[in-house]
Every structure is written in C-alpha cells, then in structure tokens.
Amino acid sequence: MTDHPSDPILSVENLSIHYRGTPRPAVRNVSFTLGRERLGIVGESGSGKSTVGRALLRLLPTAEITADRMSFKGIDLLRASEKDMLHVRGAQMSMILQDPKFSLNPIQRCGDQITEAYLTHNKCPKREARARTLDMLEAVQIRDPERVYGLYPHEVSGGMGQRIMIAMMLLTNPSLVIADEPTSALDVTVRLQVLGILDALVRDKGIGLIMISHDLNLVRNFCDRVLIMYAGQVVESLKASELDNAQHPYSRGLLAAQPRIGGGRGTLPVLQRRPEWSEPVEASS
Amino acid sequence: MAYLGRRRLGAIAGQGGTILVTLFGLLILTFVIGRVMPVDPVRAMVGEDATREVYEHVYQQLGFDRPMWQQFLYYLKDVATFNFGTSIRTGKPVLEDILYVLPATIELATFAILIGATLGVSMGVLAAVNKDRWPDHVVRVLSLAGHSMPIFWTGMIALLIFYAHFGWVGGSGRMDQFYIGLVPEQTGFLLIDSAMAGEWEIFRSAVNHIILPAALLGYSSSAYITRMTRSFMLDQINQEYITTARVKGLSNRQTIWRHAFGNIRVQLVTIVALAYGALLEGAVLIETVFAWPGFGQYLTSNLLIGDMNAVMTCVLIVGVIFITLNLLSDLLYRVFDPRTR
Amino acid sequence: MTMTDASQRPARETVKRVPQSLIALRNILTFLLKSPTSAFGLLVLAVLLSGAALAPLLATHDPYAQDLQSALQAPSMAHFFGTDELGRDIYSRILYGSRITLTFITLVSVIVGPIGLLVGTVAGYFGGRIDTVLMRITDIFLSFPSLILSLAFVAALGPSLNNAIIAISLTAWPPIARLARAETLTFRSADYIAAARLQGASSGRIIWRSIVPMCLPSVLIRLTLNMATVILTAAGLGFLGLGAQPPLPEWGAMIATGRRYMIDSWWTVTFPGLAILCVSLAFNLLGDGLRDALDPKQMNRR
C-alpha cells in the first residue's frame, strides 16, 4: 500500500540530545530509518519523543545534538549550516504542532500565514500564492476557503485551526512531515476527521510521516511502523500490525493498560516502570 | 459597526467617567496649590507701594473675599471658558503665551521620542534575542545609565564636548542667532516652517540645534522603552507560533521581526505614548540648559518669580496631556489588536 | 511562600521574624554580590554611606570656607576636584553634599512609606467605596510627571530644602499606595485575618498588626527602587534653584552655580554631576539586581 521503505529519506543513527544545564541527556542512542512510510513514535510525556522531532529540524538552540549519522535526502543534518537548514525547514521537512490555539500567530490572518509558508520557498506573485492557499484550504476540507482565509486564529475552532496548520505545512510538498501530537488538543469528535485528512494527503502526495503521540491506538491505526520510547531511548521498534507481539516489558505494559471494548471489566493493570529500563541499551534497529 | 456592542460602549462610557473624575481632581489639586502659596497674588499684581484702597479693590475684584468653594466655582468657570488669567511677567493671557511656546517643546519631544523609540525598541529586541549573553548585559547597563543620568548635567557636558570642543552641533536655542525672525511663523514648528519657506539654511541650522537635546532626551526615555520591549519580546519568543514560523523556514531575523515583533507592536505603541508624556519632564530641565524657548522654560522662569497663574496653567496642561496620552494609548490598543475587536 | 507561612501562624508572631529575615537578607546580599553590576551598586552605596559618615575626616577643606584668591582652580593635589567661583574646595563640598543626598532619600522614604502603606492598606482592606475614592485620588497624583508636580508644590511652598523634601514626598507616595493595596488584596481573605476578625479585633488593629507587617518587605524594596528617581528629582529641583539653597553643597545646586563658569572651568559641573550619576546608577543597578534576586521565575531557572 505504500512505497517500499527500501529507499530511506531519513536515516538516524545513535542520536543523543543533551539540553545544556541538565544532568542527563533527554534522548540517548536513538536510531531509525524512514522511507516514504508512516512511522509512529510512542511514549509517555518526558520520554523524549518531541525532542527527537525538533532535533530533526534543528530547532533546539539550547541543546547539544550528537549522532553517528543524521541524514535527510542526502543532507547531513548535523553539519548543515543554518542557511542550508532554512531550505530544509518548511520546504522539505515540516512539522505540525500540537495546539493551533498557540501555534498560529494570533495577529495574522490564517490565510496570510499559510501563504507566507509558500512564499518563503517559492518566488511567485502574491496572487498565485493566495490561489494555492485557497486550493489547499479546500484540500483540507474547509468549505468556505475565502472566508476562512481572512479569519484570525481566535475566530476559528480547534479542528479548523489544525486543518489550517496541516494546510500550511503540506502546501510546499515536503518529503517529510513530523506531526507532534497533532490531535491531542482537539475534541475527541473531530480527532478522527483531522487525522483522516492528514492521512489522505500524506498518502496522495507520498509524503513520509513521523507521528509523535502518546496514543497507542491512534498510532496503530495510522502508522506502518512504531518506535516505542522510554526515558529517552527506543526500547522497541516494530511493525504497527505486529504491535500485539511486542517483547519489551514496557511496551507490553503500555498495551495492557489500554481499555478495550468488549474486554474484561476488571481493573486495568498499572504501568510498571523499572529503573533498569532507563539504563543504556545496545542500539538495535 | 453594529457589533460595536453595548459592552464596549459601556466600557468607553465608564472610561469617560473616570477621566472626568480625574480631570476634576486635577482642577482641585491645581486650585489648592494655587491658594496655599505664600506669595500674595494681589501684592504681586498691584506692586509693593500700592495704596490700601487699590489693594482692597483688586482683592475683591479677584474674589479673594468670598468663601473657598465659591472661589473654586469661579475657577471652574474660568477653566471652562479657557480663561486662565494673565501672566504677570509677560502681561499677556497665559493661554496665549503657552500656545506660543508649546510648538517648540512638541517639536523637541517628537524628535526625541523618534530617537528614543528607535533606540529603545532595537536595544530591547537585541537584549531579548540574546538573553543572558553579553549583548543583553551591555544593553542593560546602557539603558540603566540613560535612566540614571541627571539630564540637565548630561546636557551641559554634551554641550561642552560636541559644541564647545568639536563644534559638531549648534549650541543653545532653536537656531543660530542671526536667523531668528527670518522665518515666517505658520505652524510654530521651526523645521516645518523653514522647510515650507524653502529656507534650507535655516532648516539645517534648526536640525543642528535640535539634534543634541533631542538625542539626550530620547536616550533617557529609551531606558523604559528598552526594558518593556525586552520583557514583551521574551514573552513572545517562547510562544509556540514562533516555532511554527521557524518550521516554515523563516530565518531567525524574519521570525523575530515579522512574527514576534508584530505581536508586541500594540503594546509598544502604548508604551511609547506613555514615554512621550514622561519626556515632558525631561524637557523642563533640558530646555533650561539649552535655552530652548519652549514650555519647560516658560514654566521654570515663571516658577522662579512666583507667577502662579502661569505656573498652575502649565501644570494643568501637562496633566491634561498626560491623561490624553493615557487615553490615546488605551484607544490604540483597542484599535490595533484584532483580539479586542 | 511567606504568605502560606504567615497564614498558619498567629498574627502576633509575624513581627518576631527577625532572625529569619536576617538570613533572607544575607541570601539576597550574596546573590547581589555575584553579579558584577549589582556589586558595583553596593560598592557605590558603601562609599556614599562612609563618605557621608566620615565627611569631616575625609574632607580636605571646610566646604563653606571661601578663598577668593584661589577661585576656579583646576583639579590639583591641593584641590582634588578643583575649586568653585568662591574658591571653595569642590571635593569637600561633594563629600558634605552626600549628607544632603542621604537626608533627602531617608526623609522622603520615611514620609512616603507610611503614607503609601496607610492609603494602600486601608483601601485594600475596606474595599468598596473607600477603595474607589482613595484609588481615584492616587490616580490623580499619578497623572502628573513627578518632577512637574514637585515643581508646582515647591513653587507654592517656597524654595527650600525642606519644602523640596515635602514636595517630592507628595508626589512619590502613589506608587507605594498602589503596591500596598495590591498586596493587601491578596492577604485580605486569608484565614488568619478572618480569625483575627472573629476574635473581635478592630479594623485598625488588624491593619496595623496583621496586614502592614505583611506588606512591609515589598514596600521597602519598592522604596529602594524609588531612590534613584528621588535623587534625580531632588537634583533637578536643586538645579532649578528650587531645592537646597546656597551655600548648601547640594549637588544639583552646585551644578547650577558652576554652569556659568563651565566653558572655562569644566570641573565645576563635571564632578557634582558624576556624583549624582554614580549614586543614581548605583541605586538603579541595585534595584535591577534586587528584582532578579526576588523574582521567583528567575530563581527556578538558576
């Protein structure tokens, strides 16, 4: 159903991230490769999953990033200059942030913010960029693009805001989109709808997707592969369809803590956290 | 327009009421200060060797024999009809005097706020972007120094250095002596008048004279603007929409100026409006040093001879300007921030 | 922190917190000394205080002694900062002038603190109409730039050192009142205030014994922060001839008289001005450091 992940667009080996002034690294020895597929990164809050996403875009000015390899479409993300990164960010790799209430500039019209993303990387008349924005708004199933174009972020709902965010980040046809908890700030009722839109666009355009989430079910349904992170390390990496066969005790714990329709009504087991899981593990891919 | 809404109209009406109360308080204050002064205003008017009858006559004419509250009502009536009395020193109506000197001060203060706002905003942004690194510390010391300097003294030292020693700028006054009276006065703003008359020599002289006092005033007012800009900016830089802008591929500079700065613009406008009011304070001192024929000099020269009509009117006008600026900054906030619409 | 501590404690004990506050003071001092700018501020203040205290010992001349023979002499070993138009030693005058500056800020603080506290706590404690009226009055005073209002007061009272102090005090209390009111509002509904009320304590007693001590620390800090402004306003009044009168060696007044000779004798204005600049900068740097030291957000970060 997707391209073969044999031609990786992103490959990361032994990525470690250390925020300056903190005693221990936030992320240790994370390795993975990504083709034109959808990869889920799951973990509890503080496990370092968002940090990984931001490190890929080099958006962590206060952190030391080290890795044996971090390359994206032939670009060495570790050594790329800030100027090179400006051509990567937004154009080839973009990121959908969690809460549109905070991630959209409150004093600019939604449409102008989307158009800006296009104009940053494409030299074209404003009119053309505007037309593309309107098309994109339509593509994210906004019924009245003209009207929404002129609205301020505080005038749109959360679901609408997140669709605007998706439009903004996909308008430039990047090769990779990182979605950092794209639906956790939304109402349950609109979550699936927004995810559906994102999913459809990513498939249509053949965009690689990294979905960062704490929601195991969501990742299971929308991703091909899953990395499970705990305390800054990848404890397990497996196909989404084989999630039930997870080996690591932490992954098993996560699975067991999920309620199931039709499952038993007994108390759900409490997630165990053992100190030895935080010990450095051998990098496994 | 219909959605202006009752709530907003109510807020505006409430504000109007507050302003009226403040204005009334202002009048009480100036009235009281005017009455407690030990200088006898009647004696000041009629002179030391006037006869007892003349004195009594003027005393009654001025209404000093009436009870205080009646005197206050008369005062209110005078203010309402813009009758502020006559200046003892110049013999002209006080209001006429003040309107004559005010443009010089407004010209100076406007020039100064342009300098101060440019300096303050750029230093504030610089400090915020480099928080806790050396530019931040340098900016902090520079702006505190501007805030700490006795401006009348800095003015003199600057005159000594830039005028007396280097001769880079004009000395005191609004223009060189021999130009005085050559420009037809239309607006009272020398820069505008001389430009309109096509007198570019005089225009240059005027710029040469205004640049030093304005720069000093601007520098001293930039301290407040810098501090506020820095703290507003720090609030914005950590917002998530800044990350969005970075993700879009905007450079650090574009992110700061297009996105973060856009969000503090409204707050800055209010800050600059308030700083403009505070400039008047510095203007009083700097005008004395630079012999600037403006409002500040008018106020201080009348203070020293106890011309209370003139002084209290000046104080009242400054109060009104302050209230207006406050109101204006509030209004600007409402107009420019889409969230308050 | 302090709020929760105190609310668990009867009001009477809040007064006896001396050792604890001394520890806090020491912590603040060590914090201030770590930053070079605040350390500079402390140093200048130490110099100011010792200069004022030891003026008779440190001065090389009588600050009032005229010597027309040696008028307007440039700085030399005999006269460190030169002499003024009457041959008085500028260095000694600046030393004695520091006493006037200290008198100024002390008296202004002593007057402003209680007025601000009284207005603020009463407004905050009673609320309602009293609050509205008091705050309206505060706003009226705040609607003037402080120098202009002081000018008006001095003009009415007549120029002298004491009147300048009164005038500055009259303009400096509103911010303190605002602060005390804000603080009071946070304590007003605390349980220990309710307890005191239930025991039948009068409003005056509650304000004096329970609320004022709680507002005191922040008011004291604010007073320190205000000192730079007070010094500059005082110097401005002195310069305009409305503050301390000659022959008092007030720094602003010294600049005003020196102004006439400044083209040929730069030292007549330079040194008194530097003294004002240093002291007000010191207070500002100190205030800046104090704000950092007491800002909980900053503390967490470090």
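In the annotation of an unreviewed UniProt entry, the entry for chain C reads Peptide/nickel transport system permease protein, and the organism field reads Roseibium suaedae. Per its UniProt entry, chain C bears the Sequence similarities (unreviewed entry) comment "Belongs to the binding-protein-dependent transport system permease family." Turning to chain C, the UniProt annotation filed under Subcellular location (unreviewed entry) states: "Cell membrane".

Labelled according to an unreviewed UniProt entry, chain A appears under the name Peptide/nickel transport system ATP-binding protein, originating from Roseibium suaedae. For the record of chain A, the UniProt heading Subcellular location (unreviewed entry) holds the text "Cell inner membrane".

### Regarding the side chain of Ser150(C)
All names here are of chain C. Among the structural elements, serine 150 can be located in helix α8 (residues 146-157). On the accessibility criterion, serine 150 (0% relative accessible area) is buried. For serine 150, the residues in contact, after removing those within four places along its chain, are Ala167, Ile168, Thr171, Thr233 and Leu237.

### Section: the interface of chain B and chain C
Contact residues are listed per partner, giving 45 residues for chain B and 43 residues for chain C. Taken over both partners, the interface formed by chain B and chain C buries close to 4,000 Å², and the fraction arising from carbon and sulfur atoms is 76%. Of all residues in chain B, Trp153(B), Met156(B) and Glu281(B) give up the largest surface area on contact with chain C, accounting jointly for 15% of the area buried on that side. Where chain B touches chain C, the interface holds two salt bridges. Taking the shortest distance from any N to any O, the salt bridge between Arg227(B) and Asp288(C) comes out at 2.4 Å. Taken together, the links from chain B to chain C amount to nine residue pairs in polar contact (both at pLDDT 80 or more). Contributing elements (two or more residues each) for the side of chain B that touches chain C: α1 (6-36), α6 (134-148), α7 (151-165), α11 (252-289), α12 (295-305) and α13 (308-336) of chain B. Among the residues making up the side of chain B that touches chain C, the classes are represented as 31 nonpolar, nine polar and five charged.

### Examining the packing of aromatic side chains
Here the structure, examined in full by the defined rule, presents 17 aromatic pairs over all chains. For the ring pair Phe31(B) and Tyr75(B), a centre distance of 5.6 Å and an interplane angle of 40° mean the geometry is tilted. Residue Phe31(B) is found in helix α1, and its partner Tyr75(B) is found in helix α4 (residues 68-80); the two are separated by 44 residues along the sequence. The residues Phe31(B) and Tyr75(B) share a single accessibility class, namely buried. Aromatic pair Trp266(C) and Phe271(C): ring centres 5.9 Å apart, planes at 45°, arrangement tilted. A connected cluster of aromatic rings, assembled from ring pairs, spans Phe80(C), Phe81(C), Tyr91(C), Trp266(C), Trp267(C) and Phe271(C). We note Arg130(A) situated over the ring of Tyr149(A); from NZ or CZ to the ring centre the distance is 4.3 Å.

### Here we look at a nonpolar patch on the surface
Taken together, the side chains of Ile161(B), Phe162(B), Phe166(B) and Trp168(B) make up a nonpolar region of the molecular surface, amounting to roughly 400 Å² of accessible area. With respect to the helices, strands and loops of the structure, Trp168(B) is situated in the loop between α7 and α8 (190-196).

### Here we look at the interface of chain B and chain A
Contacts between the two partners involve 19 residues from chain B and, on the opposite side, 28 residues from chain A. Interface area, chain B with chain A, both sides summed: about 2,000 Å², of which 59% is carbon and sulfur. The tally of links from chain B across to chain A stands at four salt bridges. The closest approach of N and O atoms between Glu240(B) and Arg54(A), which form a salt bridge, is 3.0 Å.

Thresholds applied
- Residues numbered from 1 in each chain as written.
- Chains lettered and ligands numbered in written order.
- Predicted model: local features only at pLDDT ≥ 70, side-chain atom pairs only at ≥ 80, totals over all residues.
- Heavy atoms only, no water.
- UniProt positions renumbered as here; feature names shortened; annotations may be inferred.
- Helix = DSSP H or I, 4+ residues; strand = E, 2+ residues; numbered from the N terminus.
- Buried < 20%, exposed > 50% of the residue type's maximum accessible area, 1.4 Å probe, protein only.
- Contact = heavy atoms within 4.5 Å.
- Buried area = accessible area lost by both parts, 1.4 Å probe.
- Salt bridge = Lys/Arg side-chain N within 4 Å of Asp/Glu carboxyl O.
- Polar contact = N/O pair within 3.5 Å; in protein donor to acceptor, adjacent residues only side chain to side chain.
- Nonpolar A, V, L, I, M, F, W, Y, C, P; charged D, E, K, R; others polar.
- Phe/Tyr/Trp six-rings, centres within 6.5 Å; stacked < 30°, edge-to-face > 60°.
- Lys NZ or Arg CZ within 6 Å of the ring centre and 35° of its normal.
- Patch = residues over 30% accessible without salt bridge, like charges linked within 9 Å, V, L, I, M, F, W, Y side chains within 5 Å.
- Areas by Shrake-Rupley, 256 points an atom, 1.4 Å probe, with all protein chains shown as cover.

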